[in-house]
Amino acid sequence: MSPVAQTGPAPQAQVRSPSAAAERPASTTPATPAATRTIVAFCCRECAYAAADASANARTALPATVRLVLMPCTGRVSPLHLLEALAGGADGAMVAGCLEGECHYREGNFNAIDRVLFVQRLLDSVGVEPERVRMFTMSAGEPPKFVAAVREMDRTIGALPPLPRS
Ligand code: FES
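The rules we used
Residues numbered from 1 in each chain as written. Predicted model: local features only at pLDDT ≥ 70, side-chain atom pairs only at ≥ 80, totals over all residues. Axes fitted to C-alpha atoms, helices over the stretch in contact; angles between N-to-C directions. Helix = DSSP H or I, 4+ residues; strand = E, 2+ residues; numbered from the N terminus. Parallel < 35°, antiparallel > 145°, perpendicular 65-115°, else oblique. Left-handed = near helix turned anticlockwise from the far one by under 90°. Contact = placed C-beta atoms within 7 Å. Nonpolar A, V, L, I, M, F, W, Y, C, P; charged D, E, K, R; others polar. Core = buried A, V, L, I, M, F, W, Y, C linked by C-beta atoms within 7 Å. Buried ≥ 20, exposed ≤ 12 C-beta atoms within 10 Å, placed from the backbone. Expected span 1.5 Å × (residues − 1). Pairing = 2+ DSSP bridges.

**Observations concerning the packing of helix α3 (residues 79-87) against helix α4 (residues 108-125)**
Two numbers describe a pair of packed helices, the interaxial angle and the distance between the axes.
Reasoning step 1: Contact geometry for α3 and α4: axes closest at 9 Å, N-to-C directions at 45°. In terms of orientation, α3 lies oblique with respect to α4. Seen along the crossing, α3 lies across α4 with a hand that is right-handed. Across the interface between the two elements, Pro79, Leu82 and Leu83 from α3 touch Arg115, Phe118 and Val119 from α4.
Reasoning step 2: Across the contact of α3 with α4, the residue classes tally to five nonpolar, no polar and one charged.

Here's what the structure looks like:
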């Protein structure tokens, strides 16, 4: 079964704690309901996507809010991919790749971490919660970690108000 047809999560290498968001005044806007929220997950083929596939084969339920995008390596994920996902209607975007030091293209995931940090700073600078974009790492043999990452991302985004589109 293709992992694209499913949804799920397991967090791990969170690049940045949402400290700036913690300083932001509490919103009076209700959280984003699951029926309307969407999270785009850019997954490295070698690890995260393989873990997603394994979790799908194990029939592990993933949040229906998550849309997987197969990438050859997280090093191919640019800041524009993340920003376009948000601009295109997603409430959050996550990058899931190999464990640090285990990228099949040597340093692709380190580049991805830098780009996620860049986008988080950019979002924060314009008043958007930086935790809408996050990085996770895992091995192909850790489907539960992938599932936990997706579920954590879904919880995080679900607690935030809908992303303003105007
Ligand atoms: Fe997986 Fe580079 S090959 S992050």
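Past the structure itself, the notes keep going.
**Here's the deal with the nonpolar core**
Reasoning step 1: Judged by nonpolar contacts, the single largest core of 46 residues is most densely connected at Ala41, Cys43, Ala48 and Ala96.
Reasoning step 2: When residues of this core are traced back to their parent elements, those giving at least two are β1 (39-44), α2 (48-57), β2 (66-71), α3, β3 (92-97), α4, β4 (133-137) and α5 (143-159).
Reasoning step 3: Not counting the four nearest positions on each side in its chain, Ala48 is found in contact with Cys43, Ala96, Gly97, Met138 and Phe146.

**Structural notes on unusual backbone geometry**
Reasoning step 1: With a phi angle near 60°, Arg59 is a residue other than glycine that sits in the positive phi range.
Reasoning step 2: Among the secondary structure elements, Arg59 is positioned in the loop between α2 and β2.
Reasoning step 3: For Arg59, a count of 8 C-beta atoms within 10 Å translates into the label exposed.
Reasoning step 4: The backbone of Arg106 shows a phi angle near 75°, a positive value even though the residue is not glycine.

**What to know about α5**
Reasoning step 1: Look at α5: 24 Å from first C-alpha to last across 17 residues, which is about the 24 Å you get at 1.5 Å a residue.
Reasoning step 2: When α5 is considered as a whole, its buried residues turn out to be Pro143, Lys145, Phe146, Val147, Ala149, Val150, Met153, Asp154, Thr156 and Ile157.
Reasoning step 3: Buried residues belonging to α5 abut β1, α2, β2, β3 and β4.

**Considering the sheet that holds β3**
Reasoning step 1: Within the open sheet, the four strands sit side by side as β2-β1-β3-β4. Their pairing is parallel. Two strands in the sheet have a free side with no partner beyond their single neighbour: β2 and β4. Across the sheet, the axes of successive neighbouring strands diverge by a mean angle of 20°, strand direction being ignored.
Reasoning step 2: In the sheet, β1 pairs with β3 via five bridges, with the strands oriented parallel. Note that in β3 the partner of Phe42 across the bridge is Val95.
Reasoning step 3: Along the sheet face, α3 touches β1, β3 and β4 and points at about 145° away from the line of β3.
Reasoning step 4: Strands in contact with α4 are β3 and β4; relative to β4, the strand with the most contacts, it is inclined by about 160°.

**Notes on the packing of α2 against α5**
Reasoning step 1: Across the interface, α2 lies against α5 with an axial gap of 8 Å and an inter-helix angle of 95°. The angle between the axes of α2 and α5 places the two elements in the roughly perpendicular class. Within the contact between the two elements, α2 uses Ala48, Ala51, Ala52, Ala54 and Ser55 and α5 uses Pro143, Lys145, Phe146 and Val147.
Reasoning step 2: Residue composition of the contact of α2 with α5, by class: seven nonpolar, one polar and one charged.

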